[in-house]
Each structure stands twice: as structure tokens, then as C-alpha cells.
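What follows is each chain in one-letter form.
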There are 2 protein chains.
Amino acid sequence: MGGDRAPRVVVEGAYVALQRNPLLHFKFFGDQDLIHPLLDRYSSLHRCSSIYHTTQVIANDTRPTAAIRYRKESSMGLAIEEVAKGKAQAVLSAGNTGAYMALSKLIFQCLEGIDRPALPAMIPTINGQALMLDSGANVECSAQNLIQFALMGKSLAQALLKIQNPKVGLLNVGAEEIKGRQNLQEAFYQLQQISDLNFYGFVEGDDIVLGTTDVVITDGFTGNVGLKAIEGTAKLIKHFLSDALNSSWKGKLGYLIAKPVFKSLRNRIDPRLYNGAVFLGLKHIAIKSHGGTDAIGFAQAIKVATDMVHYRICENIERGLLLCL
Amino acid sequence: MGGDRAPRVVVEGAYVALQRNPLLHFKFFGDQDLIHPLLDRYSSLHRCSSIYHTTQVIANDTRPTAAIRYRKESSMGLAIEEVAKGKAQAVLSAGNTGAYMALSKLIFQCLEGIDRPALPAMIPTINGQALMLDSGANVECSAQNLIQFALMGKSLAQALLKIQNPKVGLLNVGAEEIKGRQNLQEAFYQLQQISDLNFYGFVEGDDIVLGTTDVVITDGFTGNVGLKAIEGTAKLIKHFLSDALNSSWKGKLGYLIAKPVFKSLRNRIDPRLYNGAVFLGLKHIAIKSHGGTDAIGFAQAIKVATDMVHYRICENIERGLLLCL
């Protein structure tokens, strides 16, 4: 029931995902009067889906502390419980991030050695892709949190980017060791001591997209602002470019000729391809989709869920923590 | 003596600025054996310049606390002193930002009602330009600091953007009032009470470049990461675009035809046009240039200095504070 155009986009996204992966099974938690007619449109999806009816929904402005009270009745809470009971392998929502995180943390609990789960973001870079975490779950982070994010980020990069020994950078306002906040200084010092981690040192805001490291570690406040600044700048330049190309006949003609090129560029930075983030550090798999995405983006988030299941991300993080700490 | 290619770029930048504004006078502080031969190349510049010799230079890795000890001998310290004594109207450096800020603050002192100076950044947006502050001077900020930044940002936007009643936004991880850190909640509440301020409320990372507000207020850590993420993304997309256009004959031909359009786009986001930031909140004018800029960028920073002198930014901030607080 979460996201800007739920449950339509959710059902359509499931249909798109099923076309790509016929082994999927879906359990929809929410208002059956809304979900049923949508499912009726796709018979193949209908056959591998079941609906768990509830009219209790967590709104976008519900505080996490309030959401916890609706654990047993809300569509979000019930979906999470289903995974905790072992009746589903992953839960996916496009709803209220703070509430989803709080409920997932409460019901799934953190892995041994993890104090707070983190929300990673996949970012296009010059060399390919990078992971940044935390991208918004924890607005304040201790050195210890950042170190745990680094170790979890390593496991996630192995799973999603298929890099055996990913380079991990710590986001700061300068590459010099003397710079930045106290928690960063502490985390820097401790990360350097972990022999099993390919720790690069401090990186700056531009390094996130320049691909200096495969993983960028930061607190959720900075990560969220950085991520949205990147998204905004991509929109800004797209706007400038289409403005400029439309401003003269030379621009229009050049665009017409190079149209397939612009299309491939658009695809390369299509935010839907980067949709779907796992709450890293929990005992089960919970995936957050962007609330404003469409069916293509939602299908991508489902792909992230199946990747996480296949790779056994929770077990791998646990093993990584044991190795490094 | 500060910046990647000093003093050459500094002298060349002064020459470019003089072509545009023949009323300028320059005082160069640094090693005369290096500066003199450079000045000899430009007789018009030579005529309106004097050299103040010193070989003591503040390095890029000097800590601010150490820089303060070189107040009386270093080129940076001596240049700042010259303004404090009333013998120059503004000081400009491309050197070590932390040291420059510390020395300026010590020698100039803060305006009444300002606890910490801020470093603003000018950012291209869909509607024109916006100011973000702090962009790196203060890694930790209290609610009180942020409120002072908001009032100073208003005065600066009046001066640089020529907007009578600029919209001011507070950077956060969500537009909802319940989100973000404690200092942001406090600042939000207090900024709402200031009747003489056009306070918009919370903005997010993408709003910086989308031009939602004319002024964006944040701490120096977040501001610095955000600014560099924007710069990095512009570079990334430029790279993607040139990659894509070079990948096929259609791309190459389209580019050839639309070449003037791409040139005008490049000019629009040329970082040199956004070079030169004033240390806001001091009793005199100190301008920081990017260390990696060239003569065109340095001339732009000189333009910012003359704008600040003409607009009497210090007096205007003082008046604004009296009105609002």
C-alpha cells in the first residue's frame, strides 16, 4: 500500500518482474478490494500470488514510534512478520521509510555485532557503479556505526557489484587526515587497523560519482543530502541540455541525428535502474523502493530482493563481521 | 602564494580583472623574486600594483592553529592585516581555507551578533543561481549558527543575486517538520518567528540545484559534501555525454552540428564562473578563491571582491541583523 501510486505500481511491478523471473511468488498485504481488480488483469501473476487483506495502512507522515503500535494490523507490519515467521524470503515496500525501518528493526532484529541497520544507495559512476551507505536511515552516527557500515558495505559490494575486494572510502570534507568531525577521525583510525578490509581512506563529495572507491561510507544525513544533490544535478543538466538543444536549429538538427545516443545516455542514468535498497544489518531481508517509482523501478527493487536472497546477504554479512572484527 | 599554480595564476587573474575594471589596484603579498618577473609581462598591471615581499608561506597542510603563529610574517597574514589597517578594501587568497578562515577571523573579528563566519557557494540552478552556506568553514553548527547564516545569506543574496526578498530554505533529509537533527528543528522553529525573513522551510538535497529557494542554509560539512557532489555529477554527466557522442557516427555528426549549443551549455556550468566566496560575518572583506582555478576563475573571484566592496556587505549584514533580531 506504500508509494505514490500504490497498489497499482506495486502490482504492475510484480508483473514486470515475473516476466523476467518466472520462479517468483508474491504475497500482497493490503486492501483486497484495491488489489484484487489489479491482479485480475494479469493471469500469470494471479496464479503465483496471494492477497493478505488489511485496511490498516501506515501513512507517509506517521512517526516511526507510532508505526510500531500498528505492527500487528498494518499491511507493512504484517508483511514484515511474514518474513520473520519464515513464510516469505524477503519483504518489499515503497512506503514511509522511517516507519518501515523501525518496524523491520523491531521485528527482524539486528545481526550480532550491528547496532543500527543502514540504507545503501547504488550510484552510477565513471567506472560503473558504487554503493553509498547510509543514505538516510540514521541521521547521526558514531564511529562504531560507520565501521559497521563499512564492513556491511563490503559484503554488499561483493554481492551486487561482484567485486571480490571492494575499495571502501570514508566521506569527509577533505582527503587530509586532520580534517572532519571527531567520529570520522576515530572511524578512520579504526578502519585502517582492519587487515581484511581494503580501506582507501577519506574521500570527498565528488569522489562518490567519480568512482574513486566502490563503497562510500557516511552518516544518513550527509548521505541523503549527497544522493539527492546528485539526482538533482542530473535533472538540472538534463534540463540545461534540452533547453540548449531546443534553442536553435543547429541544436534541434544535431539532436535529431544523435537521438539514439541521447536515449542510451538517458538509460544509463535512469533512476529506476538504481531503485531498491536493502536494510543492511538485519536478520532478514527488507527492501525499500522509492515511493515515486513506476512499474519498471518496482521490478528493479524486486530484482534486488531476489539478488539478496540468492547471495544470502545476511549470512555473508555475519561471516564478514566475524572475519574482520 | 596560495593555490595550485601560484603566484602565476594570481597575477594572470589580476591582469584579466584589470582589463574588465581599470579602476583596480593590487597589492601582492609573497616572494618578490617570483612575482616580479610575472608582473613584468603586463605593464598595465605593473603600473597599478605593488609587491610586499615575504618568503613565509602558509602550506596547504598547515593546521589553522599553527597558521595563527605566522600571522605577522606570512603572505596570507600580512595581506589580511593590510585590510584590517584600512590600507586595502578586500583581501583575496586561493590558499589553505582553514588557515585563511582562522587568520581572517582573528584579525578582522566577527560582526556584532555573529559567532562564526560562513563560506557561501554560488550554485547554478534551473531558474538562475542560488547561494548555499556554509559550504565548508564550520563542520559542526548550532541552531544559532544556522540562524545567523540565514540572515547573512539574505544580505548576500540581495547583493549578488539582486533579489530584494530572497527565499531562504533550511537543508534537511525531508521536507516534513518532524525530520532531521535537533539543531535543525530548533533553527526551523526560530526562523519561522523572524517576520523580516522570507523563510521557506526545509528543503532537500535536490532543491539546491532545482532552485526551490534562493538561499540554502546548512552546516559546513553537509554543504561541502553537497557542493562537491554537484560538481562531481556535472563532471560525470559531461563524461557520459562525450562518451556517448563519440561512440557512433550519428553521435559524432550530431555533436558537430550542435557544437555551438554544447559550448554554450559548457559555459553555463563553467565552475570558473562560480569562483570566489566571501567569508561572511567578518568586519572586513576576505574572499576565498578555489585553489585549482585558472586566471579566468581568479578574475571572477576579484569581481566578487569588488562587488562586496561596492555593496558594503559588512554594513548591510549588520543592518540586516539589527532589523531581524
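From a predicted model like this one, the values you see are computed outputs, not experimental measurements. (Residues numbered from 1 in each chain as written. Chains lettered and ligands numbered in written order. Predicted model: local features only at pLDDT ≥ 70, side-chain atom pairs only at ≥ 80, totals over all residues. Heavy atoms only, no water.)

Enquirer: How would you sum up a positive patch on the surface? Please name residues and give values.
Expert: Residues and elements named next belong to chain A. Positive charge collects at one region of the surface, where Lys238, Lys259, Lys263 and Arg266 lie side by side. Considering each element in turn, the positive patch owes the most residues, three residues, to helix H12 (residues 259-268). Topologically, Lys263 is positioned in helix H12. (Patch = residues over 30% accessible without salt bridge, like charges linked within 9 Å, V, L, I, M, F, W, Y side chains within 5 Å. Areas by Shrake-Rupley, 256 points an atom, 1.4 Å probe, with all protein chains shown as cover. Salt bridge = Lys/Arg side-chain N within 4 Å of Asp/Glu carboxyl O. Lys, Arg positive; Asp, Glu negative; His and termini not counted. Charge placed at Lys NZ, Arg CZ, Asp CG, Glu CD. Helix = DSSP H or I, 4+ residues; strand = E, 2+ residues; numbered from the N terminus.)

Enquirer: Tell me what's going on with the sheet that holds strand S10 (residues 285-288) of chain A, and back it up with residues and numbers.
Expert: All names here are of chain A. Ordered by their spatial adjacency, three strands build an open sheet running S3-S10-S9, and the pairing between neighbours is mixed. Of all strands in the sheet, those bounded by a partner on one side alone are strand S3 (90-93) and strand S9 (277-278). Taken together, the two bridges between S9 and S10 define a ladder with antiparallel strand orientation. Its bridge partner being in S10, Ala277 is matched across the sheet by Lys288. Where helix H13 (residues 295-311) meets the sheet, its contacts fall on S3, S9 and S10, and the angle it forms with S10 comes to roughly 160°. (Pairing = 2+ DSSP bridges. Contact = heavy atoms within 4.5 Å. Axes fitted to C-alpha atoms, helices over the stretch in contact; angles between N-to-C directions.)

Enquirer: I'd like to hear about the sheet that holds strand S4 (residues 121-124) of chain A, residue by residue, with values.
Expert: All names here are of chain A. Judged by pairing direction, the sheet is mixed, and its five strands sit side by side in the order S4-S5-S8-S6-S7 without closing on themselves. The open sheet terminates on both sides in strands that have one partner only, identified here as S4 and strand S7 (198-203). Each neighbouring strand pair of the sheet contributes to a mean axis angle of 30°, computed without reference to strand direction. Here S4 runs beside strand S5 (residues 129-133); their pairing, made up of four bridges, is antiparallel. The residue bridging Ala121 from the neighbouring strand is Met132, located in S5. Most of the contacts of helix H7 (residues 143-160) go to S5, to which it runs at about 150°, and overall it touches S4, S5, strand S6 (167-171) and strand S8 (215-217). Strand contacts of helix H8 (residues 182-193): S6 and S7, with the helix running at about 155° to S7, the strand carrying the most contacts.

Enquirer: Quick rundown of the interface of chain A and chain B? Include the residues and the values.
Expert: On the side of chain B, 53 residues touch chain A, which itself brings 53 residues to the contact. Summing the contributions of chain A and of chain B, the shared interface buries around 5100 Å²; its carbon and sulfur component is 75%. Taken as a group, Arg181, Phe221 and Phe240 of chain A account for 15% of the area that chain A buries against chain B, more than any other trio of residues on that side. For the interface between chain A and chain B, the tally reads four salt bridges. Among the ionic pairs, Asp219 of chain A bridges to Arg181 of chain B, the shortest N-O distance being 3.0 Å. The interface formed by chain A and chain B contains ten residue pairs in polar contact (both at pLDDT 80 or more). Looking at the side of chain A that touches chain B, the elements with two or more residues in it are helix H9 (207-210), helix H10 (220-246), helix H11 (249-257) and H12 of chain A. Looking at the side of chain A that touches chain B element by element, the count peaks at 21 residues for H10 of chain A. When grouped by side-chain class, the residues that make up the side of chain A that touches chain B number 28 nonpolar, 13 polar and twelve charged. (Buried area = accessible area lost by both parts, 1.4 Å probe. Polar contact = N/O pair within 3.5 Å; in protein donor to acceptor, adjacent residues only side chain to side chain. Nonpolar A, V, L, I, M, F, W, Y, C, P; charged D, E, K, R; others polar.)

Enquirer: Provide a residue-level description of the packing of aromatic side chains, including the pertinent values.
Expert: A ring pair, where both rings are aromatic, is described by two values, the distance of the centres and the angle of the planes. The full count for this structure, using the stated rule, is 14 aromatic pairs over all chains. Their ring planes at 25° and their centres at 6.0 Å tell us that Phe26 of chain B and Phe28 of chain B sit as a pair that is stacked. On the basis of relative accessibility, which here comes to 12%, the residue Phe26 of chain B falls in the buried class. The class for Phe28 of chain B is buried, based on a relative accessible area of 7%. One aromatic cluster is present, formed by Phe188, Phe199 and Phe202 of chain A through successive ring pairs. (Phe/Tyr/Trp six-rings, centres within 6.5 Å; stacked < 30°, edge-to-face > 60°. Buried < 20%, exposed > 50% of the residue type's maximum accessible area, 1.4 Å probe, protein only.)

Enquirer: Please give an account of the environment of Pro260 of chain B that cites residues and values.
Expert: In this structure, Pro260 of chain B sits in helix H12 (residues 259-268). Separated by 36 residues in the primary sequence, Pro260 of chain B and Asn224 of chain B have C-alpha atoms spaced 32 Å apart.

Enquirer: Account for the packing of helix H7 (residues 143-160) of chain B against helix H8 (residues 182-193) of chain B, naming residues and giving values.
Expert: Residues and elements named next belong to chain B. With their axes 8 Å apart at the nearest point, H7 and H8 run at an angle of 45° to one another. Judged by the inter-axis angle, H7 sits oblique to H8. Relative to H8, H7 is oriented so that their crossing is right-handed. In this structure, H7 uses Ala143, Gln144, Leu146, Ile147 and Ala150 to contact H8, whose residues at the interface are Asn183, Leu184, Glu186, Ala187, Gln190 and Leu191. Counted by class, the contact of H7 with H8 contains seven nonpolar, three polar and one charged residues. (Parallel < 35°, antiparallel > 145°, perpendicular 65-115°, else oblique. Left-handed = near helix turned anticlockwise from the far one by under 90°.)

Enquirer: So what's going on with the pattern of salt bridges? Which residues, and what values?
Expert: If you walk through the whole model with that rule in mind, you get 22 salt bridges over all chains. Across the salt bridge formed by Asp270 of chain B and Arg272 of chain B, the nearest N and O atoms sit 3.0 Å from each other. The network of salt bridges with shared partners includes Arg71, Lys72 and Glu81 of chain A.

Enquirer: Before we move on, could you go through the nonpolar core and cite the residues and values that matter?
Expert: Across soluble globular proteins, you tend to see nonpolar side chains buried next to one another. Judged by nonpolar contacts, the single largest core of 173 residues is most densely connected at Leu170 of chain A together with Leu170 and Met308 of chain B. The element contributing the most residues to this core is H7 of chain B, with eleven residues. Those residues in contact with Leu170 of chain A that lie beyond four places of it in its chain are Leu146, Leu184, Ala187, Phe188, Leu191, Phe199, Gly201, Phe202, Val203 and Ile217 of chain A. (Core = buried A, V, L, I, M, F, W, Y, C linked by side-chain atoms within 4.5 Å.)

Enquirer: Can you break down the confidence of the model for chain A residue by residue, with the values?
Expert: On average, residues of chain A score 92 in pLDDT, and 98% of them are at 70 or above. Here the complex is predicted with pTM 0.90, and the ipTM for its interfaces comes to 0.89. (pLDDT = per-residue confidence, 0-100.)

Enquirer: Before we move on, can you summarise helix H13 (residues 295-311) of chain B with the specific residues and values?
Expert: Each full turn of the α-helix corresponds to 3.6 residues, which orients residues three or four apart in the same direction. Residues and elements named next belong to chain B. Taking 1.5 Å of rise per residue, 17 residues should cover 24 Å, and H13 covers 24 Å from first to last C-alpha, within 8% of that figure. The distance from a side-chain oxygen at the start of H13 to the backbone nitrogen of Ile296 is 3.1 Å, and the residue carrying that oxygen is Asp294. Looking one or two residues past H13, Arg312 carries a phi angle of roughly 55°, positive in sign. (Expected span 1.5 Å × (residues − 1).)

Enquirer: Hey, could you go over unusual backbone geometry for me, with residue numbers and the actual values?
Expert: Of the consecutive residues Leu133 of chain A and Asp134 of chain A, the connecting peptide bond is found in the cis state with omega at 0°. The topology assignment puts Asp134 of chain A in the loop between S5 and H7. Of note, the amide linkage connecting Ala6 of chain B to Pro7 of chain B takes the cis form, showing an omega dihedral of -5°. Counting through the fold element by element, Pro7 of chain B comes out in the segment before helix H1 (8-20).

Enquirer: For the pairing of strand S1 (residues 26-30) of chain B, give the residues involved together with the corresponding values.
Expert: Residues and elements named next belong to chain B. The buried fraction of S1 is high, at four of five residues. Pairing of S1 with strand S2 (residues 49-53), which is carried by five bridges, proceeds in the parallel orientation. Residue pairing in the sheet places Phe29 in a bridge with Tyr52 of S2.

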